[in-house]
Amino acid sequence: MSPIKLAIVGVGKIVRDQHLPSIANNPDFELIATASRHGTVEGIPSFTAIEAMLDAVPAIDAVSLCMPPQYRYEAAYKALSAGKHVFLEKPPGATLSEVADLENLAKAKGVSLFASWHSRYAPAVEAAKAFLAGTTIRSAHVIWKEDVRHWHPNQEWIWQAGGLGVFDPGINALSIVTHILPPLFLTSATLEFPENRDSPIAADLHFKSGAGLPVHAEFDWRQTGKQSWDIVAETDAGQMVLAEGGSKLSVNGEPNFSAPEAEYPSLYRRFAEIVKAGTSDVDVSPLRHVADAFMLGKRKFVEAFYD
């Protein structure tokens with residue numbers, strides 16, 4: 001089978017750091033075009049808008065959409081309408097309704113739609129899932145705290161309505177939680193909004209399962225020093241810690257699993273699988289929890305925040 005001819009829309013830091021190396025090392029894909037207001041890829045035809053790219057390069061089979069979520073629906077709609085398979089960076093959209101509409105359109109057009117969740121492919125996540133499946137979970141605590149100044153300097157879109165604020169990284173934790181724990185629902189939430197921002201800078205969430213499993217999640221974008229991306233579960237087999245964003249697993253303080261990071265290569269392997277199979281992979285459960293937090297959460301206004 002010849003490589004899938006791929007285009008990227010939105011050439012920014014995440015594309016350069018993760019998408020481009022993953023595509024270059026995957027024989028299932030050939031990058032043949034990009035569209036971005038500012039970014040380009042050397043040696044690849046570049047356009048400033050997806051419409052111009054689709055018109056000029058009809059050979060495109062699939063499109064990876066890597067712009068902010070507020071602008072993703074329109075681009076995805078155009079790509080799917082043109083009969084292209086679509087890879088959606090996380091989160092897959094600004095709203096659940098947008099993603100549902102895109103899923104229906106992909107089905108009608110007979111093309112694949114992939115809602116990607118890169119943290120689910122962190123190296124120790126499957127080992128954590130297997131461990132938890134073999135014991136009884138008593139409680140879980142998610143600590144996802146980082147410094148927005150380091151990870152998103154001068155990126156105004158994340159603070160605007162639809163940009164998700166602290167849920168931009170927090171949804172990574174939720175993508176793991178929805179993969180390794182039983183189904184949960186939100187019972188209470190407090191969202192902290194800077195006085196000068198439309199999106200929260202911190203969130204404190206409480207969930208439980210139908211069987212009563214309590215899960216507490218803390219997200220904060222004001223962390224300094226060591227960054228925290230940990231999920232701790234108390235179980236009948238002892239304490240499990242899935243640390244460093246899912247890259248390391250320990251049980252009762254003893255290392256259990258560690259491996260090199262390969263999240264984006266795994267995403268592109270999965271995308272190739274569903275394109276070849278003629279199916280879609282659109283799980284919105286992490287985004288549903290974010291929507292529930294905005295619906296149920298109490299708002300607390302805090303000091304204005306500046307980059």
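Residues numbered from 1 in each chain as written. Predicted model: local features only at pLDDT ≥ 70, side-chain atom pairs only at ≥ 80, totals over all residues. Heavy atoms only, no water.

**Examining the UniProt feature "domain: Gfo/Idh/MocA-like oxidoreductase N-terminal" (unreviewed entry) in the protein**
Mapped onto this structure's residue numbering, the UniProt feature "domain: Gfo/Idh/MocA-like oxidoreductase N-terminal" (unreviewed entry) falls at residues 4-114. Overall, residues 4-114 shows 39% helix and 23% strand. The separation of its end C-alpha atoms is 15 Å. (UniProt positions renumbered as here; feature names shortened; annotations may be inferred. Helix = DSSP H or I, 4+ residues; strand = E, 2+ residues; numbered from the N terminus.)

**Digging into the pattern of salt bridges**
Inspection of the entire model under this criterion finds 15 salt bridges. Notably, a salt bridge pairs K13 with D17, separated by 2.5 Å at the nearest N-O pair. A residue pair is termed a helical-turn pair when its members lie 3 or 4 positions apart in one helix, as K13 and D17 do in helix α1 (residues 13-24) at 4 residues. A relative accessible area of 42% means that D17 is categorised as partly exposed. The residue R222 makes a salt bridge to D220 at a minimum N-O spacing of 2.9 Å. Note on D220: relative accessible area 16%, which makes it buried. (Salt bridge = Lys/Arg side-chain N within 4 Å of Asp/Glu carboxyl O. Buried < 20%, exposed > 50% of the residue type's maximum accessible area, 1.4 Å probe, protein only.)

**Brief notes about the pairing of strand β4 (residues 62-65)**
Covered by surrounding structure in β4 are A62 and S64 together with V63 and L65, the residues of both alternating faces. Note: strand β1 (residues 4-9) against β4, 4 bridges, orientation parallel. In the sheet register, L6 faces β4, and the bridge partner there is A62. Judged from the 4 bridges that link them, β4 and strand β5 (residues 85-88) form a sheet pairing that is parallel. If you follow S64 over to β5, its bridge partner there is F87. The parallel pair β4 and β5, bridged by helix α3 (residues 72-81), forms a crossover whose chirality is right-handed. (Pairing = 2+ DSSP bridges. Right-handed = clockwise from strand over helix to strand, strands pointing away.)

**Side note on the nonpolar core**
In terms of nonpolar packing, the biggest core is built from 78 residues, with L65, F167, L205, F219 and L242 touching the most fellow members. When residues in this core are grouped by element, the largest group, 7 residues, is from helix α7 (residues 167-180). Summarising the domain contributions, this core has at least three residues from each of domain 1 (4-115) and domain 2 (119-261 + 291-302). The residues contacting F167, other than those within four sequence positions of it, are L191, P200, A203, L205, F219, V290, A293 and F294. Formed by 21 residues, the second largest nonpolar core is a distinct cluster that contains I4, V15, F87 and I274. (Core = buried A, V, L, I, M, F, W, Y, C linked by side-chain atoms within 4.5 Å. Domains from an automatic or database assignment. Contact = heavy atoms within 4.5 Å.)

**What to know about the environment of I231**
Assignment of secondary structure puts I231 in strand β11 (residues 228-235). Between the C-alpha atom of I231 and that of F167, which follows or precedes it by 64 residues, the distance is 16 Å. Not counting residues within four places of it along the chain, the set of residues in contact with I231 comprises H141, V142, W144, A173, I176, V177, M240, V241 and L242.

**With respect to the sheet that holds strand β2 (residues 29-35)**
An order of β3-β2-β1-β4-β5-β6 is seen for the 6 strands of this open sheet, with the pairing classed as parallel. Two strands bound the open sheet, and with one partner strand each, they are β3 (46-47) and β6 (113-115). The pairing of β2 with β3 spans 2 bridges and is parallel. By the bridge assignment for β3, A35 is matched with F47. Across the face of the sheet, α1 comes into contact with β1, β2 and β5 while running at roughly 175° to β1. Running over the sheet, helix α8 (residues 263-277) touches β1, β2, β4, β5 and β6 and is turned about 155° from β5. (Axes fitted to C-alpha atoms, helices over the stretch in contact; angles between N-to-C directions.)

**Some words on the domain arrangement of the protein**
For the protein, the assigned domains are domain 1 (4-115) and domain 2 (119-261 + 291-302). If you average the C-alpha positions of domain 1 and of domain 2, the two centres end up 27 Å apart. The partner domain 2 presents 13 residues to the 10 residues of domain 1 that form the contact. Together domain 1 and domain 2 conceal approximately 770 Å² of surface at their shared face, both sides included; 58% is due to carbon and sulfur atoms. (Buried area = accessible area lost by both parts, 1.4 Å probe.)

**Some points on the sheet that holds strand β12 (residues 238-243)**
If you walk across this open sheet you meet the 9 strands as β14-β13-β12-β11-β7-β10-β9-β8-β15, and the pairing is mixed. Of all the strands in the sheet, the pair left with one neighbour each is β14 (254-258) and β15 (298-302). With strand direction ignored, the average angle separating the axes of adjacent strands in the sheet is 15°. In this fold helix α5 (residues 125-133) packs onto β7 (137-145), β11, β12, β13 (248-251) and β14, with an angle of close to 160° to the strand it touches most, β12. Across the face of the sheet, helix α9 (residues 285-296) comes into contact with β8 (184-194), β9 (202-209) and β15 while running at roughly 65° to β8.

**Digging into helix α4 (residues 96-109)**
Since there are 3.6 residues in each turn of an α-helix, residues three or four apart along the chain are aligned in direction. Counted at 1.5 Å a residue, the expected span for α4 with its 14 residues is 20 Å, and the 20 Å between its end C-alpha atoms agrees. Along α4, the residues that are buried comprise E98, V99, L102, L105 and A106. Considered in projection along α4, the buried side chains sweep an arc of 120° and stay on one side of the axis. Facing away from the buried side of α4 by more than 90 degrees, the exposed set consists of S97, N104, K107 and A108. Lining the buried residues of α4 we find α3, β6 and α9. Following α4 by one or two positions, G110 adopts a phi angle in the positive range, close to 70°. (Expected span 1.5 Å × (residues − 1). Arc of directions from axis to C-beta.)

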